[in-house]
Amino acid sequence: MMLDFILVGSSVRIALPVLQALHCAGPAHCAVVGSAPTAVLRWSHLCRQHVVMDFDQDDAAVHQINLLAQQHPRAVLLPFDCEAIRFVNRVQGRLRLGSIPVPDLATLNMFDDKWAFHQFCLANALPVPLTRWIGPKSNLDFDAIEAELGLPFVVKPTNESGSHGVQIVHSRAQLERNILGNSAYQFSPLIAQRYIQGVDMDINLFAVDGQLRAVSIHQPGQSYIDFLPHPPLEAIADAVCLSSRYNGVMNLDVRLASASGEVFLIESNPRFWATLTSTVDCGLNFAAASLQRSSVAELPQRLVAGRSYSRHPFLRPSCWWQLVSDSTEKGRLLRAKAFDLYSLGQLLLEVPAIVKRRLQGLRSVAASP
C-alpha cells in the first residue's frame, strides 16, 4: 500500500479534520508523523500509519520522514499545525517529499503572535480593536487599562490558541481574583484589548504567493456553523494575503460589532483549523484546494452559503439516509465521522454529558407552569 499523504504535526484536534477532509476528496492513504498525543489516531481507519517524532530533534525527525519518502516517493507532505510548519521551515531542502504551500518562518511567527499580528494590521490599515501591550501579568494596571480601553476589556496571552488564558475583565476584583492573585495563571507575555460587543465570525482562506485561491466566511452557532456572503470580509482576506505575500491556509477570528456593524480582526491562525470539515460539508474542501496548482488568473473558490452541524451523525437522524445513499463529499464526510473507531470513542466519552443535558432539559420542562 502506497501512501498518498503524510501529515505532520502534534495537534489531534487539527489532524483529525484534515484526515477527514482528505478522505472526502477521494481515496486517500494517509500517515501521521506526530508527537505522542497524536498516537491515538492509530485507532482511526483514516490513518494507515503513525510515527512518533520529536520536533526538538531535527536530524532524527528528518531521518524518519525521509525513510517514509523512500517507501512512498509520491506522497505529499501536509504540515497541519504551527509546530510542524516551523519544523519544515527549519529543515527546508533536507526533506525528500514535496509539501503543500506553507508560510515562511517570519510570516508564520507574525501571524502566530497576537501582538505581532495586531502591529501588522495597523501597518496595513486593517481594522483591529484598540490594544495595549502588557508583558508579564505584574504589569497589569487596572486603572490605566480601564482609562484607555474601557470596561469590559480582554486580557490574553500573545502566544496561545484555543482561548487559553483569555479573560474578559469586568471589574478590578475580577482582575485580582482570576489573574493577579491566581497562581495558576502563568501566561506571558500578555496584551489587553478593548472588548467588542457583538458576534464572532471567521475568515477561512488559502493563498499562494499572496494570491487568494479559496475563501469562506462563517458565523458559529450553538451546534452549527453558517456560511454567508460578506464582501467586506472577503476584501480583508484578500488584503491580508497580498500585504504579507501569504502562502498556505489560514483562519482569522473576527468580531462583528452589534451597534455599528463594523468588523474587527481579533487574531489569526496560520494553519489548518479545528472546524475544517464544516467547509467540506458545505462544498469547499480547503485540504484539497491546498493540493491544487491552479492558475493565478483563476478567481478564488468561494463558499457563500450553507449550514454544517457539529453533532456526531449518529445523533442527527435527519442525516442517516445520507450515510448510506450519498456518494458526494458530504456523504463521504458523514461516513468518515460516523464509522471511524476513534470518532466513535470520542462520542462515547461525550455520552454522559449529553444525557445530563437532556435530563436537565426534561426537568426544566416539567418544572415550568
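Residues numbered from 1 in each chain as written. Predicted model: local features only at pLDDT ≥ 70, side-chain atom pairs only at ≥ 80, totals over all residues. Heavy atoms only, no water.

A short note on the overall build of the protein chain
When you go through the protein chain residue by residue, the secondary structure sums to 13 helices and 16 strands. Relative to the globule expectation of 21 Å for 369 residues, the C-alpha radius of gyration of the protein chain, 22 Å, shows essentially globular dimensions. Principal-axis analysis of the C-alpha atoms gives the protein chain an extent of 65 × 60 × 45 Å. Counting all 369 residues of the protein chain, 50% fall into the buried class. Taking all contacts inside the protein chain whose residues are at least 6 apart in sequence as the whole, residues at least 24 apart take part in 64%. Just so you have it, the protein chain exposes about 17,300 Å², and 55% of that area is on carbon and sulfur atoms. Here the protein chain holds 32 positive side-chain charges and 31 negative ones, and the gap between their average locations is 7 Å. (Helix = DSSP H or I, 4+ residues; strand = E, 2+ residues; numbered from the N terminus. Rg over C-alpha atoms; globule rule 2.2 N^0.38 Å. Buried < 20%, exposed > 50% of the residue type's maximum accessible area, 1.4 Å probe, protein only. Contact = heavy atoms within 4.5 Å. Areas by Shrake-Rupley, 256 points an atom, 1.4 Å probe, with all protein chains shown as cover. Lys, Arg positive; Asp, Glu negative; His and termini not counted. Charge placed at Lys NZ, Arg CZ, Asp CG, Glu CD.)

Points about empty space enclosed by the protein
Empty space among the atoms becomes apparent when a probe as large as a water molecule is rolled across them. In total, this model carries one cavity of 30 Å³ or more according to the counting rule given. The computed volume of the largest cavity comes to approximately 40 Å³. Forming the walls of the largest cavity are Pro79, Ile85, Ile100, Pro101, Val102, Pro103, Val249, Pro270, Arg271 and Phe272. (1 Å grid on protein atoms, 1.4 Å probe; cavity = no way out; pocket = protein on both sides within 12 Å on 5 of 7 lines; lining within 4 Å. Points joined across faces, edges and corners; volume = space filled by probe spheres on them.)

Observations regarding the environment of His312
Structurally, His312 is set in the loop between strand E16 (306-309) and helix H11 (320-325). Distance from His312 to Val324, taken between C-alpha atoms, is 15 Å for residues 12 residues apart in sequence. Polar side-chain contacts of His312 include one of 3.1 Å to the backbone nitrogen of Phe314. (Polar contact = N/O pair within 3.5 Å; in protein donor to acceptor, adjacent residues only side chain to side chain.)

What to know about the layout of surface pockets
Counted as a void, the second largest pocket has a volume near 380 Å³. For the second largest pocket, the lining is made up of 19 residues, of which Asp112, Asn159, Glu160, Ser161 and Arg271 are closest to its centre. Elements with a contribution of two residues or more to the lining of the second largest pocket: helix H1 (12-25) and strand E14 (263-269). Among the elements that line the lining of the second largest pocket, the one with the most residues is E14, at three residues.

Side note on the packing of H1 against helix H12 (residues 329-338)
In contact at an axis separation of 8 Å, H1 and H12 are set at 135° when each is read in the N-to-C sense. Compared by their axis directions, H1 and H12 come out oblique. Handedness of the H1/H12 crossing: right-handed. Seen from H1, the contacting residues are Gln20, His23, Cys24 and Ala25; seen from H12, they are Glu329, Arg332, Leu333, Ala336 and Lys337. (Axes fitted to C-alpha atoms, helices over the stretch in contact; angles between N-to-C directions. Parallel < 35°, antiparallel > 145°, perpendicular 65-115°, else oblique. Left-handed = near helix turned anticlockwise from the far one by under 90°.)

Concerning helix H7 (residues 172-180)
Within H7, burial applies to Gln174, Leu175, Asn178 and Ile179. Looking straight down H7, one finds its buried side chains confined to an arc of 100°; they lie on one side. (Arc of directions from axis to C-beta.)

Let's talk about the environment of Gln301
Here Gln301 is to be found in strand E15 (residues 301-303). Separated by 202 residues in sequence, Gln301 and Ser99 have C-alpha atoms that sit 21 Å apart. The contact partners of Gln301, leaving out residues within four places of it in the chain, are Arg213, Ala214, Val215, Leu284, Ala289 and Gln292.

Some points on the sheet that holds strand E6 (residues 131-135)
Strand order in this open sheet of four strands is E6-E9-E7-E8, and the pairing throughout is antiparallel. If you trace the sheet from one side to the other, it starts and ends with E6 and strand E8 (167-169), each paired once. Averaged over all pairs of adjacent strands, the angle between their axes in this sheet comes to 25°, without regard to strand direction. (Pairing = 2+ DSSP bridges.)

Brief notes about the sheet that holds strand E5 (residues 98-99)
Within the open sheet, the five strands sit side by side as E3-E2-E1-E4-E5. Their pairing is parallel. Of all the strands in the sheet, just strand E3 (49-52) and E5 have a single pairing partner and so form its edges. Along the sheet, H1 contacts strand E1 (5-9), strand E2 (30-34) and strand E4 (76-79); its crossing angle with E1, the most-contacted strand, is approximately 165°. Relative to the sheet, helix H2 (residues 58-71) contacts E1, E2, E3 and E4, its axis offset from that of E3 by approximately 155°.

Details of a nonpolar patch on the surface
Residues Val40, Trp43 and Leu341 make up a contiguous nonpolar surface patch of about 330 Å² in total accessible area. Looking at the secondary structure, you find Leu341 in helix H13 (residues 341-367). (Patch = residues over 30% accessible without salt bridge, like charges linked within 9 Å, V, L, I, M, F, W, Y side chains within 5 Å. Salt bridge = Lys/Arg side-chain N within 4 Å of Asp/Glu carboxyl O.)

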